[in-house]
Amino acid sequence: MLDIQKVDHIGIRVRDKNRAIEFYQSLGFELVRDAGFDQGHPVIMRHSSGVTLNLLGPTSEAKDENVLMDIDKRYAGYTHIALRVGSLSETEEILANLGIEITGRFSFGNHSAVFIRDLDRNVIELNEFAEVKC
């Protein structure tokens, strides 16, 4: 068995470095450093929760197609990242104030979530687990 201790980072290919940095900063991520985006190395961003993103680029395709989990076509591969939030209602209010569209939502049991997309159409799930009362 592998001795996996935690998720180290999430790599996301983006088309425009500055636009992506601005978007993720609006979600609370801070720029750590640009390790050479134009040479295919990551822009590293970190959230105070400990989540680290590696924004990768530049893209090589002119066509802007990103097939993920919220459309009818289903391909094998990663579909989204999920980030737990303290309050889904507060999160929705913040997203509205930022002008970020909620593209989907679900709720079952004590688990509720909304989905958004970044500017390159990558899906981000923001979820909350309500306390179960006995």
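Residues numbered from 1 in each chain as written. Predicted model: local features only at pLDDT ≥ 70, side-chain atom pairs only at ≥ 80, totals over all residues. Heavy atoms only, no water.

A. The arrangement of the overall build of the protein chain in detail. Along its length, the protein chain carries 2 helices and 8 strands. Counting across all 134 residues of the protein chain, residues that qualify as buried make up 31%. Nonlocal contacts in the protein chain, meaning residues at least 24 apart in sequence, comprise 46% of its contacts between residues at least 6 apart. Taken as a whole, the protein chain presents about 9200 Å² of accessible surface, with 50% of it coming from carbon and sulfur. (Helix = DSSP H or I, 4+ residues; strand = E, 2+ residues; numbered from the N terminus. Buried < 20%, exposed > 50% of the residue type's maximum accessible area, 1.4 Å probe, protein only. Contact = heavy atoms within 4.5 Å. Areas by Shrake-Rupley, 256 points an atom, 1.4 Å probe, with all protein chains shown as cover.)

B. Quick peek at the sheet that holds strand E5 (residues 81-84). Strands sit in the order E5-E8-E7-E6 across an open sheet of 4 strands; the sheet is mixed. This sheet does not close on itself; its edge strands, each paired only once, are E5 and strand E6 (104-108). The average angle at which neighbouring strand axes cross in this sheet is 20 degrees, direction not considered. Against the sheet, helix H2 (residues 88-98) contacts E6, strand E7 (111-117) and strand E8 (123-129), and its axis sits at roughly 15 degrees relative to E7. (Pairing = 2+ DSSP bridges. Axes fitted to C-alpha atoms, helices over the stretch in contact; angles between N-to-C directions.)

C. Seen up close, unusual backbone geometry. Even without being a glycine, Arg 121 presents a positive backbone phi close to 75 degrees. Secondary-structure assignment places Arg 121 in the loop between E7 and E8.

D. Representation of the packing of aromatic side chains. Scanning all chains against the criterion turns up 4 aromatic pairs. Where Phe 106 meets Phe 108, the ring centres are 5.5 Å apart and the plane angle is 20 degrees; that geometry is what we call stacked. You can call Phe 106 partly exposed: its relative accessible area is 24%. (Phe/Tyr/Trp six-rings, centres within 6.5 Å; stacked < 30°, edge-to-face > 60°.)

E. Examining the pairing of strand E4 (residues 52-56) more closely. By the criterion of burial, E4 is predominantly enclosed, with 4 of the 5 residues buried. Of the pairings in the sheet, the one linking strand E1 (residues 10-13) to E4 comprises 4 bridges and is parallel in character. If you follow Ile 12 over to E4, its bridge partner there is Leu 55. Between strand E3 (residues 43-46) and E4, which pair antiparallel one after the other, the connecting turn spans 5 residues, and Gly 50 there sits at a positive phi close to 105 degrees.

F. Summary view of the environment of Pro 42. Relative to the elements of secondary structure, Pro 42 occurs in the loop between strand E2 (30-34) and E3. Judged by its relative accessible area of 18%, Pro 42 is buried. Through-space distance from the C-alpha of Pro 42 to that of Lys 17 is 9.8 Å; in sequence the pair is 25 residues apart. Apart from residues no more than four positions distant in its own chain, Pro 42 is found in contact with Arg 33, Asp 34, Ala 35, Gly 36, Asn 54, Leu 55 and Leu 56.

G. Seen up close, the pattern of salt bridges. Per the stated rule, a full pass over the model turns up 3 salt bridges. A salt bridge links Asp 120 to Arg 19; the shortest N-O distance between them is 3.2 Å. Within this pair, whereas Asp 120 is found in the loop between E7 and E8, its partner Arg 19 is found in helix H1 (residues 17-26), the two being separated by 101 residues in sequence. For Asp 120, a relative accessible area of 8% puts it in the buried group. We classify Arg 19 as partly exposed; its relative accessible area is 32%. (Salt bridge = Lys/Arg side-chain N within 4 Å of Asp/Glu carboxyl O.)

As far as function goes, none of this settles anything; it's purely spatial.
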